[in-house]
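A look at the structure
Okay, here's what each chain looks like letter by letter:
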Amino acid sequence: MSGATPQSAQQEKSVSQTAKAFAAQSPTSGLAPSTIRRRIPGVQDVQIDILYCGVCHSDLHQARNEWQSVMPTVYPCVPGHEIVGRVVKTGNAVTKFKAGDIAAVGCMVDSCRKCASCRAGEEQYCDTFPTLTYNGEDKQLGGVTYGGYSESIVVDEAFVLRVSEKLNLAGTAPLLCAGITTYSPLRHWKVGKGQKVGVVGLGGLGHMGVKFASAFGAEVVLFTTSPNKIADGRRLGVHEVVVSKNDAEMQKHQQSFDFILDTVSAEHNLNAYIDLLKRDGTLTMVGAPEQPLPITVFGLLMKRRQLAGSSIGGTRETQEMLDFCAEHNITCDVEVIRAQQINEAYERLLKSDVKYRFVIDIASLQ
Ligand code: NAP
Ligand code: ZN
Ligand code: ZN
């Protein structure tokens, strides 16, 4: 990051600095090198030189404005909310971090901090909506926030997480979204020993769902559309892999699940999974397909089944998850790429061709 001042705005000199980034300029432009502004750290801020940033399917949805009806994209858009880096500067009031520490930033960089959800440490459900790491309202500089496909970021310490230096850092970055988004619902619905749990989709979120559900002691069944992932499912610790296109295999599991976590990013048949739940079982959606999905209500009411959703996780639980991962040596399976490969990586994501998270080596931005 350089302290250079945008030539036209003398006043910005004191409040912002520039950073290299990869940005989308429109839904169809793809991502390309760009220069963005970051604020000069305030008293409670931590400035981080980013080392790795994971590539979430949400980045693709947002960069291409696929969530237009819920969260329209403001361009230029710099995605990335699975950030691990090294602290380079801290404001005078910062107590948790010092220069040289490894630190992480996830999907949020601020929230109202006053509502019941914020006070409960569940800022992702903030009444006024949290400030997302990218495409959120930038309250300091104006415009929108820019994410981790960038050489640095400045964040209030309340939204910066501690990371154990014992963990592989590239494999740690995706914990900040794929990790917490699966950890949180598995904890909320108290998944554990004695339960039969399904995970639908073996992508970034799905492979972490499998790792956590197994670590919590559940019997895990993986549902995949990709027969070439069967061996990996077993390696990751699942009891059984079901190829979901095979009706006979699906039939075998009717009415047998306590809990199913659906991580699928595209249109698919939810009713087929509702039918696999026991009485009082829960299907929780974390996948966020672009289009609405039809539900056969009878599938729910005949067995008092529940259909639920879950969004990322709060700062308190994200720290708990990172500490759990350090203790149990859990990281994501990653393919490290250069920033220049991001458009190709998006195309591969769409083909379910990633094992199991792309992570950008931010040194490639230099
Ligand atoms: P990903 O790595 O692309 O994984 C998605 C997986 O879904 C694929 O690997 C594939 O698994 C399966 N899949 C893809 N297309 C399918 C189709 N047409 N029918 C059935 N299965 C299909 O994506 P991700 O990063 O894990 O994200 C998954 C979804 O979660 C995205 O929509 C993302 O935006 C959303 N998300 C939500 C939250 C939240 O807070 N709730 C947070 C992060 C991400 P198989 O090859 O095994 O079938
Ligand atoms: Zn994400
Ligand atoms: Zn709030």
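Before reading on, note that the structure itself is shown above.
In this report, the structure presented in the accompanying data block is examined. This one's a predicted model, so the numbers in the text were calculated from it and none came from an experiment.

Our next topic: the overall build of the protein. Helix and strand content of the protein: 11 helices and 17 strands. Relative to a compact globule of 366 residues, whose C-alpha radius of gyration would be 21 Å, the protein shows 20 Å and is just as compact. A principal-axis box enclosing the C-alpha atoms of the protein has dimensions of 65 × 40 × 35 Å. Looking at the protein as a whole, 57% of its 366 residues are labelled buried. Counting contacts in the protein only where the partners sit at least 6 residues apart, residues at least 24 apart contribute 67% of the total.

Around the zinc ion (ligand 3), the protein contributes the donor atoms Cys112 (SG), Cys115 (SG), Cys118 (SG) and Cys126 (SG), which lie 2.3 to 2.4 Å from the metal centre. For the zinc ion (ligand 3), the four donor atoms in the first shell make angles of 103 to 120° at the metal, a pattern classed as tetrahedral. The sequence pattern formed by the donor residues of the zinc ion (ligand 3) is C-x2-C-x2-C-x7-C. You'll find Cys115 and Cys118 in the same group, each marked buried.

On the surface, a nonpolar cluster with roughly 450 Å² of combined accessible area is contributed by Val297, Phe298, Leu301 and Met302. Summarising the element assignment, Met302 is placed in the loop between α9 (297-301) and β15 (306-309). For Met302, a relative accessible area of 60% translates into the label exposed.

Coordination sphere of the zinc ion (ligand 2), protein contribution only: Cys56 (SG), His81 (NE2) and Cys177 (SG), at 2.0 to 2.2 Å. All donor residues of the zinc ion (ligand 2) come from one chain, and their arrangement in sequence is C-x24-H-x95-C. Here Cys56, found in the loop between β3 (45-55) and α1 (57-63), pairs with Cys177, found in the loop between α3 (169-172) and α4 (178-188); they are 121 residues apart in sequence, far enough to count as distant. As far as burial versus exposure is concerned, Cys56 and Cys177 are alike and both buried.

To continue, consider the sheet that holds strand β13 (residues 257-262). One open sheet accounts for six strands, arranged β12-β11-β10-β13-β14-β15; its pairing is parallel. Since the sheet does not close on itself, it has two edges, and those belong to β12 (240-243) and β15, each with one partner. Adjacent strand axes in the sheet meet at a mean angle of 20° when their direction is disregarded. Relative to β13, strand β10 (residues 196-200) runs parallel, the two being bridged by four bridges. Counted as the bridge partner of Val199 is Leu261 from β13.

It is worth spelling out the site of ligand 1 at this point. As a matter of local geometry, ligand 1 sits amid 31 residues, with Thr224, Thr225, Ser226, Lys229 and Arg357 nearest to it. At 2.8 Å from an oxygen atom of ligand 1 is found a side-chain nitrogen or oxygen belonging to His61. Here an oxygen atom of ligand 1 and a backbone polar atom of Ile312 are 2.8 Å apart. Protein coverage of the free-state accessible area of ligand 1, which is 920 Å², stands at 89%. Of all the secondary-structure elements, those providing two or more residues to the shell around ligand 1 are α1 and α5 (204-215). By residue number, the principal contributor to the shell around ligand 1 is α1, which donates three residues. A breakdown of the residues in the shell around ligand 1 according to their chemical character gives 11 nonpolar, 17 polar and three charged. Two domains each donate at least three residues to the shell around ligand 1, and these are domain 1 (12-176 + 334-365) and domain 2 (178-309).

Reading guide: rules and limits
Residues numbered from 1 in each chain as written. Chains lettered and ligands numbered in written order. Predicted model: local features only at pLDDT ≥ 70, side-chain atom pairs only at ≥ 80, totals over all residues. Heavy atoms only, no water. Helix = DSSP H or I, 4+ residues; strand = E, 2+ residues; numbered from the N terminus. Rg over C-alpha atoms; globule rule 2.2 N^0.38 Å. Buried < 20%, exposed > 50% of the residue type's maximum accessible area, 1.4 Å probe, protein only. Contact = heavy atoms within 4.5 Å. Donors = N, O, S within 2.8 Å, 3.2 Å for Na, K, Ca; no water. Tetrahedral: all angles 85-135°; square planar, octahedral: opposite > 155°, others 65-115°. Patch = residues over 30% accessible without salt bridge, like charges linked within 9 Å, V, L, I, M, F, W, Y side chains within 5 Å. Areas by Shrake-Rupley, 256 points an atom, 1.4 Å probe, with all protein chains shown as cover. Salt bridge = Lys/Arg side-chain N within 4 Å of Asp/Glu carboxyl O. Pairing = 2+ DSSP bridges. Axes fitted to C-alpha atoms, helices over the stretch in contact; angles between N-to-C directions. Near = heavy atom within 4 Å. Polar contact = N/O pair within 3.5 Å; in protein donor to acceptor, adjacent residues only side chain to side chain. Nonpolar A, V, L, I, M, F, W, Y, C, P; charged D, E, K, R; others polar. Domains from an automatic or database assignment.

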